Every structure is written in structure tokens, then in C-alpha cells.
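Here is how the chains run, residue by residue.
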Amino acid sequence: LKVAGPEGRCASVGMPDKESWSGSAPQQRFPDRRAEVCAGVVFPNPLNATRQDYDLFRANPLPDMWAPAAVDTPAAVTFVGSSDYVWSLMPYALPLWAGFLLILLMPCCAVAVERLRSRRRSSSANVGIYATFALLGLGTAIATVLVFQGLRHSDNAYQRARCASYSALDLALTGRRDDQFDFLGLHNLTDAIQSAAILFPQMRRNIYVAKDQIDKAINKTGLVKQAHDLKDSWMATHRVQMEATSYRSILSQKQYFVPLDSCMAKFRQAQTALRTMLNVSLDVLDGPAPTVSSGVGNTLQRINNMYQVIQGWSGDFRGSYDRMDGLWAVHCGMMYWVMAGVMMIVALGILQLTECHTPTLAAIVAAGAHCHIAFCLVTCTVLLSAAVLSHDSCDFLEANLLTTAGLQTYDNVFTRFDASQRDAVVACVFPQQTGNLRDIFNITFNTDQLREAVATQRLTAKPALLSDNTSRAMGSFLDRLQNTDGTNYVAMWDASQTLDWNSTYGGVNELTVKLWNLTNERWAFEKAASPPNCPMALKFNPQSTVAESNCWVVDPETPSSSDIQERYRMLDGTQMQRVLELFRDARVTSQALAAAAQFLPVGKFYVKSTRKAFDETRSGLKDALGDVGTEVTAPMAAVAESLDSVMNRSNCRDIFRTYQQFKTATCHDLIGASLTNVGLVLAVAVLSWMISLLFACIYANTGGARKVADVSADLESEESLLSGSSDSESSGGDESSEDS
């Protein structure tokens, strides 16, 4: 049988298997067990945790049982163990068994009385039997419904008590955070403090390692020196060198090196910010470090010791509740059999009165009712004993154990608790307490500084030097220096004239075209592209004749002005002046080409070295900052969050609320429901006794061999004969009264 409805749990508890009774079953995680036990359990609001005193309960022996041997208790009898406590419950069973013995004698008396009165039974007795049984059947149905409701109430109270017990221990051990509870738990509290004590020195070492990595990333590559050499070579050496040739290098101007200056400024900022960030982090860690290493050590030991003790209690508690679940399943089964038994008796009675009018069935009904009475009395004994046990437990917890004096008296229960740990019990369980374990264990951490350090680390985790914009600007600047082609060199006498040595017609070859037009000879520059029709230029020979097929090289010295005047005498004054100017510009251009050709390998080497240093610096800083994030920032953020939980979630008053729920379920609801069930089962026993008496009378009236219907027929025949005899006497008048 199962209790109908979602609140009924008797069938879900069930009998534990052999492993559960022996304690060898695999243990389920306590939070999972708590969630399983509390599934669907709803607590009333508001709670009524007031313990009621009942006059029928004897003096509570539990304080004497749990008291240390050295403590004198006011109990009249000394209790040694659980067997003594069970014997103390016997007075609640003796009256019931005495009443049961008296009830067993009542059917015998009823049979004797009915046999003596059977001759005087009238025909109306048959109607009375049916009417009496109908009333008893109606009372039995009502009583069965009430017993069913009483079983539901007691089962719900037991489920709430069990859930509250598991919730209290789960809160104390592992904590819980949801809509109803927000307590860290002793286990998480210990882990948080222990993580701080362990991680603080590790983070300090990691910071020093990160500082070394950052210094290596900055100093090993020599980015500062490489950038300085690059700038000095292009802006100082090469600029002066080119200006001596009447050519100006655009790439050697100050405004062109703005990207490099900006990058180096960001580099210095990143260097300063990273070192400041690590120094601030060290200062933060050095602040609470003495507290973590010394002061919190004792606190951690006390909290961990308290956790170990309560964890041991939880194992014993779970084993006890596993056995109590089995006993509760037996209790529910007994209540089911009380209801099922009385209904079977009523069903057999209906069968006997309507279909099978046999004395044997009447005897079976009477005997079954007697057995049901005995079972009801046994059930009452169990229910009353359970109510007494619940009352004694509540009284011991509330009035003896969980009091200020009880914590000192019952030191065998709190044998491993020191003063601060007992203060923690008081703060968590006693009414009108703050429940703040942080004050009791003197836990203080400056989590604000930790959070600020974490925020600083996260802000500094990607300096401007490592941004993509800086990388693109620096790359573009270096690429232009690396790929210069002469167009970035401009003549001082003509802004349109460049040193473009790659163009066939532009750049320096513009001068060769002009010279060809005036001298009717081809001219070329070394380190530059050959002009048209001049694949191989030769060194100038002043003795050679002028010819269109000639192709001469212009160098810084030749041809000289005298050579030009001597060679091109056919030109007039204006043309000669123009030719002299062009050859002067050509000689300067040749000098500039030589200077550029001489510098560019060195300049590009500095560009390559600076690019390599920049890339290695960025890569090294990225790796160092990644290590800072992994080895410093993330642990510090976790520690800050843990310590923040220690500071803000160390209030254990949620345990007091679960204790109130346990008291409401056990000390109020369960005891009241058990006593109500005792009364209801006694009512069912009385109804069974009346049914037993009724069918004993029916069996007695049949004389052990006749049906009830035959008895009624004989009574009617006897009445008819008596009536006929009276008529004869009145008509004849001569018969004697004896014959009548």
C-alpha cells in the first residue's frame, strides 16, 4: 500500500537493505543525499518550534544517559545504555497489554450471557444485529479515513524532520547558496583560508618571476638601444651626409620618426606601468601575508577541527537515519495493516450476515477481530513509544544539551571543541545570536586591496605597446625605411628632382636625357638603372671624339667643367652655360647616389635589428603578461573572491533556521501526530472489540451449529405455537394451565 498524493512518503522510505543496516553500503555525497531527502518537502510558514509538555510523559532519562560519569544528575535511576532506555518505555506498554488480556476474557463472558438469554430472544434481535453492525461499519470507515489522514500528517512531519536534519548538517559542512540559504560552510571556509595561506607565497614568487620575465623582455632585446641607433643613423649621420651632396632625405626628417617616438613612449609607459603593477601587487600580498601565515594558522586549525568533528557526526547521523528509515517503514506498514485489518473484518462480517449465515464464519470474524485488537494495541505501544522518544530527544536538545550550561556539562559530546568552537555552536544554533563566525574566529582580510590589485593587473594586462594599432604603425614606418627606392631623396635646387635609381626615364635619368639632348652623347650613373640605348656605360675619356654611340659614366669628379668646355666647343654661350649646370648637377647626383648606396645597407641593418627587437619585445611582454594573468591575476582574483566570501558569507544563522524547522517538525508536529494516531488506533481497536463482541454473540445464539436465520425461524415457530395454545385455552376452558 502507498499513501496517495505527492506528500505521502511512507512507501518511498522503504526498508533498508542489509548493507545499509550494517553500514557497509557505498556512501552517497552528503549534498546529493540532502537533495534527495528534501525533494518535494515543504515547510510551513511561519514555523512553530514551541515544545509542548505532556503530563503522560515520565521524567526524561536522556540527560542522565548522556551525562559524563563525573556529573551528578537528578535522575532517580542511573541509565547506562540504550537498553536501559528501552526498558524505561515499558510502562507505556503494560497498561495496553493488561487491557488486551481483559478484552480477551470479554467474549467468553458474552458467550455465556447470550446462551442463558437465548430462550428469551425475540424476533426483533435480528434487526438489532443488523442495525448495530451497520453503525459499527460506518464508525470503522470514518476511523479508517482519520487514521489515513493521521498517517499522512505524521509521515510529512517525519520527512520534514529528516530533511531539516540533513539540511543543517549539509549547511554546516559544505554550505549552500540559493534563494533560501547563503552560508559558506566549514569546508569551503577552510578551503578559502587555506588557499589564501598557500597561494599568497606562491603568488609572491610568481610576481618575482614575472618581474624577471618582463625585465628580460625589455632588456634582452635591446629595443631602446636599437631604436636609438636607428634614429641616430637616419636622422643624424645620413641626414648630414645627404645634405653635403645638395640632396635631402625625407626619411631623415624629424616628423617622419613620429611613429618611432610614439612607440618608444608607449614602451616606456608600459615598462613603468608593469613594474608599478607588480610592485603594487607585492605590497598588497605583503600586507595580509603575516596574518595568513601566523594568525590564521590557529584559526584554520580550529575551523578544520570543527569540520572534522561534525563530519564524523554526519556519518553516524546518516547511519542512524538509515536505520530510522527502516523503523519508520515498519511503523507505516503497521498503520496500513491497522486500516486493512479492520476493513477485512467488516467485509467478512457483511459476508456472514448477508450471504453465508454460518456460525463458523461468525467465529472467524470474532477471532480475526480479537487478533486485530491485539495488533492495534501493539501499534499503539509503538506509536506511544515513538512519541515519548521524540519528546525526550527534543527536551534533551533544547533544555539540556544546546544550552550555555549544557555545552560545559556535556563535554563528552563536545569533547574536541575549545571555547571558540563552542561559541561558534552557540552563535549558529542558539536564539538571538548574530551567527557571525568571522568575529568568533577573528578572521580579518582586506579584500578591497586585493580587488584593486586585480583590477590594476587587468587594466595593465594589455599596454598600448602591445596594441594592434601600435604594431601596424611601427611596421609601416619600418617597411618604408626598408623599402626606400630613392624617391625619398629630393634635390635642394629642384624639388622635382629625386634620386630614383630604379626608373629608366625618371629620377636620376631625367638628367641623362637632358644631357643627351645638349651633348648628343649618352650619359649614365652608377648604382642606377641604365638609360635607353646605353646598356654598358664606360668611364669618361676626354680624348675620345664626340659621337652618338658614346655612353659615359658621370662620377663626382668627371667630366670636369674644363673637359666639358673643351669637348663641346660647338655650343654657344647659353648652351654651354646650361651644359655646365647640368654636369654640375650630375656630378652632385652621382655623389648623392654613392652616399645613399654606402648608407642604405647600414640603415637597413638598423631597421632589421629594430624590427626584430620590437617583435621580440612584444612577444616577450605578451608571454610575461600571460604568465602574470595565469600565475598572479587569476589566483589573486580567486583568493579575493574566496576571502570576500569568508568575510560576507560566514554567517551561520541559516543553521538556526533549519534547527527551527527540525524542532517544528519533531517537537511539535511529529509528537502531536503520533499521539493523535494513538487515539485513532485505540478507537479502531474499540470498534474491533465491539465487532468481535457482536459476532461472538451471533455465534453463541446459533448454539455452535445453527445459522442466525434458523434461530430466527425457531423463535417465530415457538411464538406461533404459544399463540395457538392461548386460543385453544380460551375456547375450551377445560384445559389446565399446565397443558397450555
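Not measured: the values here are computed from a predicted model.

A.B. asks: Mind laying out the overall build of the protein, listing which residues take part and the relevant values?
C.D. replies: What the protein contains, in helices and strands, is 22 helices and 7 strands. Burial status across the protein gives 47% buried among its 740 residues. Sequence-distant contacts, at least 24 apart, represent 80% of the contacts inside the protein between residues at least 6 apart. Just so you have it, the protein exposes about 36500 Å², and 56% of that area is on carbon and sulfur atoms.

A.B. asks: Break down a nonpolar patch on the surface for me, with residues and values.
C.D. replies: Together, Leu138, Ile142 and Leu146 make up a nonpolar patch on the protein surface, roughly 290 Å² of accessible area in all. Tracing the backbone through its elements, the reader meets leucine 138 in helix H7 (residues 124-174). Accessibility expressed as a relative area gives 52% for leucine 138, which makes it exposed.

A.B. asks: Which residues make up the sheet that holds strand S6 (residues 538-539), and what are the values?
C.D. replies: Pairing is parallel in the open sheet, where 3 strands are placed in the order S5-S7-S6. Each end of this open sheet is capped by a strand with a single partner; those strands are strand S5 (522-525) and S6. Sheet analysis places S6 next to strand S7 (residues 551-554), joined by 2 bridges and oriented parallel. Within the sheet, the bridge partner assigned to leucine 538 lies in S7 and is tryptophan 552. Set on the sheet, helix H20 (residues 573-648) makes contact with S5 and S7; between it and S5 the angle comes to about 25 degrees.

A.B. asks: Can you explain the nonpolar core? Please cite residues and give values.
C.D. replies: Counting 95 residues, the largest nonpolar core has Met306, Leu437 and Phe695 as its most contacted members. Put simply, the parts of the chain that give this core at least two residues each are H7, helix H8 (186-219), helix H11 (289-354), helix H12 (359-401), helix H14 (419-429) and helix H21 (653-701). With sequence-adjacent residues up to four places away left out, leucine 437 is seen in contact with Phe183, Leu186, Leu189, Ala424, Cys428, Ser650 and Cys652. Leu282, Phe477, Val588 and Ala637 belong to the second largest nonpolar core, which has 76 residues in total.

A.B. asks: So what about the environment of aspartate 32? Which residues, and what values?
C.D. replies: Counting through the fold element by element, aspartate 32 comes out in helix H3 (residues 30-37). The class of aspartate 32 is partly exposed, set by a relative accessible area of 35%.

A.B. asks: Which residues make up the state of the cysteines, and what values go with them?
C.D. replies: Note on terminology: disulfide describes a covalent bond linking the sulfur atoms of two cysteines. Counting across every chain of the model gives 4 disulfides. Between the sulfur of cysteine 394 and that of cysteine 667 lies a disulfide, 2.0 Å long from S to S. Its torsion about the S-S bond being -100 degrees, the disulfide of cysteine 394 and cysteine 667 is classed as left-handed. Of this pair, cysteine 394 sits in helix H12 while cysteine 667 is found in helix H21, placing the two residues 273 residues apart along the sequence. Take cysteine 394: its relative accessible area is 2%, and that puts it in the buried class. Cysteine 667 gets classed as buried once you look at its relative accessible area, which sits at 1%. Disulfide pairing is shown between cysteine 428 and cysteine 652; the S-S distance is 1.9 Å.

A.B. asks: Summarise the confidence of the model for the protein; cite the residues concerned and give the values.
C.D. replies: Looking at the protein, the pLDDT average stands at 76 and 78% of residues meet or exceed 70. Low confidence marks residues 1-8, where pLDDT is under 50. Its contacts with residues over four positions away, or in another chain, come to 17 contacts. Considering only residues more than four positions removed or in separate chains, one finds that residues 725-740, a stretch of pLDDT under 50, has 3 contacts.

A.B. asks: Can you lay out unusual backbone geometry for me, pointing to particular residues and giving the numbers?
C.D. replies: At the junction of threonine 558 and proline 559, the peptide bond is cis and its omega measures out at -5 degrees in the coordinates. Its location among the elements puts proline 559 in the loop between S7 and helix H19 (561-567). In this structure, serine 246 is a non-glycine residue whose phi angle is positive, near 65 degrees. Residue position: serine 246 is located in the loop between helix H9 (223-243) and strand S3 (247-249). By relative accessible area, which is 29% here, serine 246 ends up partly exposed.

A.B. asks: Which residues make up the packing of H12 against H21, and what are the values?
C.D. replies: Between H12 and H21, the least distance of the axes is 8 Å, while the angle of their chain directions is 160 degrees. The pairing of H12 with H21 is recorded here as roughly antiparallel in orientation. Regarding H12 and H21, the two cross each other, and that crossing is left-handed.

A.B. asks: If you had to explain the pattern of salt bridges to someone new, which residues and values would you point to?
C.D. replies: Considering all chains together, one arrives at 12 salt bridges under this definition. Its salt-bridge partner being arginine 239, residue glutamate 243 comes within 3.6 Å of it at the nearest N-O pair. One end of the pair is glutamate 243 and the other is arginine 239, both in helix H9 and 4 residues apart, which spans about a single turn. Relative accessible area serves as the criterion here: at 34%, glutamate 243 is assigned to the partly exposed category. For arginine 239, a relative accessible area of 30% corresponds to the partly exposed category. Arginine 567 is paired through a salt bridge with glutamate 521; the nearest N and O atoms lie 2.7 Å apart.

A.B. asks: Tell me about H9, and name the residues and values.
C.D. replies: With 21 residues, H9 extends 29 Å from end C-alpha to end C-alpha; this agrees with the ideal 30 Å at 1.5 Å per step. At serine 233, H9 is bent by approximately 30 degrees, the largest bend along its length. The inward-facing, buried residues of H9 abut H8, S3, helix H10 (258-286), helix H17 (468-482), strand S4 (489-491) and H20.

A.B. asks: Describe in detail the packing of aromatic side chains, supporting the description with residues and values.
C.D. replies: Taken as a whole and assessed by the stated rule, the structure comprises 12 aromatic pairs. When the centroid spacing of 4.5 Å and the interplanar angle of 10 degrees are considered together, the rings of tyrosine 158 and tryptophan 328 count as stacked. On the criterion of sequence distance, the pair formed by tyrosine 158 in helix H7 and tryptophan 328 in helix H11 is long-range, its members being 170 residues apart. Connected via pairs of aromatic rings, a cluster forms that spans Trp523, Phe540, Trp552 and Phe583. The ring of tryptophan 516 carries arginine 522 above its face, with NZ or CZ at 3.8 Å from the centroid.

A.B. asks: Account for the environment of threonine 512, naming residues and giving values.
C.D. replies: Residue position: threonine 512 is located in helix H18 (residues 509-519). What makes threonine 512 buried here is its relative accessible area of 4%. Each C-alpha atom of the pair threonine 512 and arginine 522 lies 6.9 Å from the other, and the pair is 10 residues apart in sequence. The residues touching threonine 512, leaving out its near neighbours within four places in the chain, are Trp523, Ala524, Phe525 and Pro531.

A.B. asks: Give me the lowdown on the pairing of S7, citing residues and values where you can.
C.D. replies: The side chains of a regular strand alternate, residue by residue, between the two faces of the sheet. On S7, burial covers both faces: Cys551 and Val553 on one face and Trp552 and Val554 on the other are all buried. Strand direction decides the pairing type here: S5 and S7, joined by 4 bridges, are parallel. The partner of phenylalanine 525 across the bridge, within S7, is valine 554.

Here is what the cut-offs are and how they apply
Residues numbered from 1 in each chain as written. Predicted model: local features only at pLDDT ≥ 70, side-chain atom pairs only at ≥ 80, totals over all residues. Heavy atoms only, no water. Helix = DSSP H or I, 4+ residues; strand = E, 2+ residues; numbered from the N terminus. Buried < 20%, exposed > 50% of the residue type's maximum accessible area, 1.4 Å probe, protein only. Contact = heavy atoms within 4.5 Å. Areas by Shrake-Rupley, 256 points an atom, 1.4 Å probe, with all protein chains shown as cover. Patch = residues over 30% accessible without salt bridge, like charges linked within 9 Å, V, L, I, M, F, W, Y side chains within 5 Å. Salt bridge = Lys/Arg side-chain N within 4 Å of Asp/Glu carboxyl O. Pairing = 2+ DSSP bridges. Axes fitted to C-alpha atoms, helices over the stretch in contact; angles between N-to-C directions. Core = buried A, V, L, I, M, F, W, Y, C linked by side-chain atoms within 4.5 Å. Disulfide = S-S within 2.5 Å. pLDDT = per-residue confidence, 0-100. Parallel < 35°, antiparallel > 145°, perpendicular 65-115°, else oblique. Left-handed = near helix turned anticlockwise from the far one by under 90°. Expected span 1.5 Å × (residues − 1). Bend = angle between axes of the 7 residues up to and from the residue. Phe/Tyr/Trp six-rings, centres within 6.5 Å; stacked < 30°, edge-to-face > 60°. Lys NZ or Arg CZ within 6 Å of the ring centre and 35° of its normal.

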